[in-house]
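# Summary of the model geometry
Below are the chains, spelled out letter by letter.
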Amino acid sequence: MKPVHIVGAGIHRFGRTEGVSGLEQGVFALRQALTDAGVEWRDIQFAYGGSVSAGSADAMLPRMGLTGIPFVNVSNGCATGGSSLLAGCAAIQSGQFDLGVVVGFDKHDRGAFNADPRQLGLPAWYGETGLMLTTQFFAMKIMRYMNLYGITQTTLGRVAEKAFANGTLAPHSWRKSPVDLATILDSPPVSDPLTKYMFCSPGEGGVALVIASERKMRELGLDGPCIRAATMRTRPVGSFEVFAPALEVVRGASATALASQAAWEIAGLGPQDVDVAQLQDTESGAEIMHMAENGFCADGEQESLIAAGETRIGGRLPINTDGGCLACGEPIGASGLRQIYENVEQLRGRAGARQVSGARIGYSQVYGAPGVSACVILENAIA
Amino acid sequence: MNASPVAENLFTGRNESTRLLAARSRLDNTYRFPPPAGADAALYEAVELGPSGTLWSFTIQRFRPKLPYNGRGTDDNFVPFAVGYVEFPQQLIIEGRIVVQDFRMLKIGLAMVLTTEAYRDDDHGNPVLTYAFAIDHGKDGLT
């Protein structure tokens with residue numbers, strides 16, 4: 001893959017920010033990313049961006065400056081951020097552009113997402129009878145996984161406990177207080193086996209990245225991690241995804257497994273090379289299952305790995321070092337880019353109290369409806 | 001009482017005689033549920049699924065779903081319900097509501113049967129039926 005570098009990264013803190021629109025949070029993040037890179041908006045040659053609930057990303061243009069650049073609005077569900085980055089990389093690799101931005105922001109209503117069956121090609125009865133909930137999907141996926149591979153309720157709790165602990169160390173996180181294991185396990189069930197503290201909430205936030213060709217980066221005297229792979233895949237036959245009235249009896253791979261395999265191949269790297277990972281944790285079980293789907297362990301190994309603290313900061317493979325979706329919430333348009341932002345901070349050694357020492361390779365994976373997954377592998381290219 | 005189905009061409013029968021209306025490809029014998037609409041429909045033949053399978057996974061819906069859910073109750077008096085996937089051998093794994101007295105009885109692998117459930121009442125107070133799953137007590141000898 002022709003090298004593309006992330007030369008600047010910015011974030012508007014996640015959570016709830018009353019009186020600040022999603023768009024404003026995107027503008028905040030974008031200005032911070034430009035400052036971080038040390039470039040001006042007028043230097044930027046293109047932009048890709050999106051939100052799911054907070055309007056068109058190109059509405060940022062009057063705020064940033066009407067420089068006439070191509071600004072492409074990206075709308076791809078939970079993979080919106082990942083898709084924007086993929087498109088941005090392609091724009092640079094094509095040779096057409098050398099310096100651009102990728103931005104995502106969102107601002108959702110409180111409570112679980114409510115989906116419209118017709119928007120997804122599903123019959124009305126599916127929603128009317130109470131089957132069209134992402135929370136049910138995640139609960140049933142982990143329920144079966146626990147049954148097949150011996151994952152316990154305690155392990156679900158430990159994932160959430162780690163997320164809240166890491167969240168207290170990240171300036172951009174939403175949840176700022178640790179929650180102990182007993183509180184997590186004893187909190188009211190939302191969708192069994194998952195309790196209230198095991199689910200993330202829809203939220204708000206904004207993230208922006210400045211990306212550059214290697215040539216441009218050197219010309220401007222900038223630096224930043226190299227994008228070794230950026231992939232996105234949709235659901236294959238036999239996968240188990242959100243909003244499925246029926247599944248094939250013969251089971252197959254997931255969108256995540258496909259996106260992950262492609263990322264490893266493009267990068268020429270493997271799970272053993274990764275120093276820090278951000279994996280989609282819509283709920284505790286998702287992080288556990290995504291560890292295996294991305295190739296970091298065999299099915300069932302999570303039980304002992306997590307009990308031994310291997311996924312904590314300081315462990316063999318720290319996962320979701322900023323607390324992930326559980327501690328940051330899930331503003332869909334920004335969520336995948338937050339993972340990349342966190343990896344940039346880790347690789348640049350700017351992660352403060354949550355720093356993974358010597359982190360050189362960072363991996364991220366975002367997953368969501370209706371069965372999309374996007375993976376990014378970053379390598380620290382700073383000498 | 002004049003019960004009506006939540007959708008036409010979704011299932012036939014009532015209670016233990018309930019069968020799901022699915023489709024099988026004339027090309028490769030794969031199943032689809034719900035059956036495809038539009039031009040693809042000609043490539044499929046109508047088949048019934050059921051009456052019995054095994055519980056593939058399940059969960060309990062503990063809060064009242066937002067719209068377009070239109071089942072009984074309000075946020076204040078909502079009664080949690082079980083949902084799950086049941087595997088019909090050689091056919092499909094189907095998602096549906098589960099009618100069960102005690103959620104603690106649910107276990108992956110249980111023998112299940114199709115049934116119907118009055119999940120809401122229409123504007124005239126008549127029940128609206130959807131397909132649902134129930135534990136096959138005859139097979140499990142639990143009652």
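Residues numbered from 1 in each chain as written. Chains lettered and ligands numbered in written order. Predicted model: local features only at pLDDT ≥ 70, side-chain atom pairs only at ≥ 80, totals over all residues. Heavy atoms only, no water.

Our next topic: the overall build of chain A. A tally of regular secondary structure across chain A gives 13 helices and 12 strands. Taken over the C-alpha trace, chain A has a radius of gyration of 19 Å; the compact-globule value for 383 residues is 21 Å, and the two agree within 12%. With respect to the three principal axes, the spread of C-alpha positions in chain A is 55 × 45 × 40 Å. Taken over 383 residues, chain A has a buried fraction of 62%. Considering only contacts within chain A whose residues lie at least 6 apart along the sequence, 75% involve residues at least 24 apart. In the structure as shown, chain A presents an accessible area of about 13100 Å², 50% of it carried by carbon and sulfur atoms. Once the 30 positive and 37 negative side-chain charges of chain A are each reduced to a mean point, those two points are 3 Å apart. (Helix = DSSP H or I, 4+ residues; strand = E, 2+ residues; numbered from the N terminus. Rg over C-alpha atoms; globule rule 2.2 N^0.38 Å. Buried < 20%, exposed > 50% of the residue type's maximum accessible area, 1.4 Å probe, protein only. Contact = heavy atoms within 4.5 Å. Areas by Shrake-Rupley, 256 points an atom, 1.4 Å probe, with all protein chains shown as cover. Lys, Arg positive; Asp, Glu negative; His and termini not counted. Charge placed at Lys NZ, Arg CZ, Asp CG, Glu CD.)

What follows deals with the overall build of chain B. Looking only at helices and strands, chain B features one helix and 10 strands. Seen in sequence order, chain B has helices and strands lined up from the N terminus as β-β-β-β-β-β-β-β-β-β-α. By principal-axis analysis of the C-alpha atoms, chain B measures approximately 50 × 40 × 30 Å. Considering only contacts in chain B between residues 6 or more positions apart, those separated by 24 or more positions represent 54%.

This brings us to the nonpolar core. Burial of nonpolar side chains together is a common tendency in soluble globular proteins. Of all hydrophobic cores here, the largest spans 55 residues; its most connected members are Phe 33, Ile 94 and Tyr 131 of chain B. The element best represented in this core is strand β7 (residues 81-88) of chain B, accounting for six residues. With 42 residues, the next largest nonpolar core counts Ile 142, Ala 163, Ala 229 and Met 289 of chain A among its residues. (Core = buried A, V, L, I, M, F, W, Y, C linked by side-chain atoms within 4.5 Å.)

All right, on to the pairing of strand β12 (residues 372-379) of chain A then. When a strand is regular, its side chains alternate between the sheet's two faces. Residue and element names in this part refer to chain A. In terms of residue burial, β12 counts as a mostly covered element, since eight of its eight residues are buried. Residues of β12 alternate between two faces, with Val 372, Ala 374, Val 376 and Leu 378 on one and Ser 373, Cys 375, Ile 377 and Glu 379 on the opposite face, all of them buried. Across eight bridges, the pairing between strand β8 (residues 226-234) and β12 is antiparallel. Each residue of the ladder has a partner; that of Cys 226, found in β12, is Glu 379. Across eight bridges, strand β11 (residues 361-368) lies against β12 in antiparallel orientation. Paired with Ile 361 across the two strands is Glu 379, which belongs to β12. The loop that links β11 with its antiparallel partner β12 comprises three residues; one of these, Gly 371, has a positive phi angle of about 110 degrees. (Pairing = 2+ DSSP bridges.)

To continue, consider the interface of chain A and chain B. Each partner contributes to the interface: chain A provides 34 residues, whereas chain B provides 38 residues. For the pair chain A and chain B, the summed buried area comes to about 3100 Å², and 64% of that belongs to carbon and sulfur atoms. Close ionic contact of Asp 192 of chain A with Arg 62 of chain B constitutes a salt bridge, the shortest N to O distance being 2.7 Å. Joining chain A to chain B, the criterion identifies 14 residue pairs in polar contact (both at pLDDT 80 or more). Among the secondary structure elements, those contributing two or more residues to the side of chain A that touches chain B are α4 (124-128), α5 (134-149), β5 (189-191) and β9 (246-248) of chain A. A breakdown of the residues in the side of chain A that touches chain B according to their chemical character gives 19 nonpolar, nine polar and six charged. (Buried area = accessible area lost by both parts, 1.4 Å probe. Salt bridge = Lys/Arg side-chain N within 4 Å of Asp/Glu carboxyl O. Polar contact = N/O pair within 3.5 Å; in protein donor to acceptor, adjacent residues only side chain to side chain. Nonpolar A, V, L, I, M, F, W, Y, C, P; charged D, E, K, R; others polar.)

Here the focus is helix α3 (residues 80-93) of chain A. Residue and element names in this part refer to chain A. Taking 1.5 Å of rise per residue, the 14 residues of α3 would be expected to cover 20 Å, and the 20 Å separating its terminal C-alpha atoms lies within 8% of that figure. With respect to burial, α3 is a largely interior element, 10 of its 14 residues being buried. Within the span of α3, buried status applies to Thr 80, Gly 81, Gly 82, Ser 83, Ser 84, Leu 85, Gly 88, Cys 89, Ala 91 and Ile 92. Among the residues trailing α3, Gly 95 stands out with phi positive, at a value near 90 degrees. (Expected span 1.5 Å × (residues − 1).)

Another aspect to go through is the packing of aromatic side chains. All names here are of chain A. All told, the structure shown has 22 aromatic pairs over all chains when counted by the stated rule. Aromatic pair Phe 137 and Phe 240: ring centres 4.9 Å apart, planes at 70 degrees, arrangement edge-to-face. Of the two residues, Phe 137 sits in helix α5 while Phe 240 sits in the loop between β8 and β9, which places them 103 residues apart along the sequence. In terms of burial, Phe 137 and Phe 240 fall into one category: buried. Here Lys 141 stacks its cationic end above the ring of Tyr 367, 5.9 Å away from the centre of that ring. (Phe/Tyr/Trp six-rings, centres within 6.5 Å; stacked < 30°, edge-to-face > 60°. Lys NZ or Arg CZ within 6 Å of the ring centre and 35° of its normal.)

So, about unusual backbone geometry. For residues that are not glycine, phi is negative in most cases, and the peptide bond is trans in most cases. Following Asp 192 of chain A, the chain continues into Pro 193 of chain A via a peptide bond in cis, with omega recorded as 10 degrees. Backbone geometry at Phe 243 of chain A places phi at a positive 60 degrees, although glycine is not the residue there. Along the chain, Phe 243 of chain A turns up in the loop between β8 and β9. Take Phe 243 of chain A: its relative accessible area is 12%, and that puts it in the buried class. Of note, the phi angle at Gln 90 of chain B is positive, near 65 degrees, even though the residue is not glycine. Topologically, Gln 90 of chain B is positioned in the loop between β7 and β8 (92-99).

Residues and elements named next belong to chain A. Going through the model one piece at a time under the given rule, you end up with 24 salt bridges over all chains. A salt bridge links Arg 215 to Glu 219, with the nearest nitrogen and oxygen atoms 3.2 Å apart. With Arg 215 and Glu 219 both in helix α8 (residues 214-219) and four residues apart, the pair spans about one turn of that helix. Since its relative accessible area comes to 49%, Glu 219 is described here as partly exposed. Members of the salt-bridge network, linked through shared partners, are Asp 98, Arg 215, Lys 216 and Glu 219.

That is the geometry; function is a separate question.
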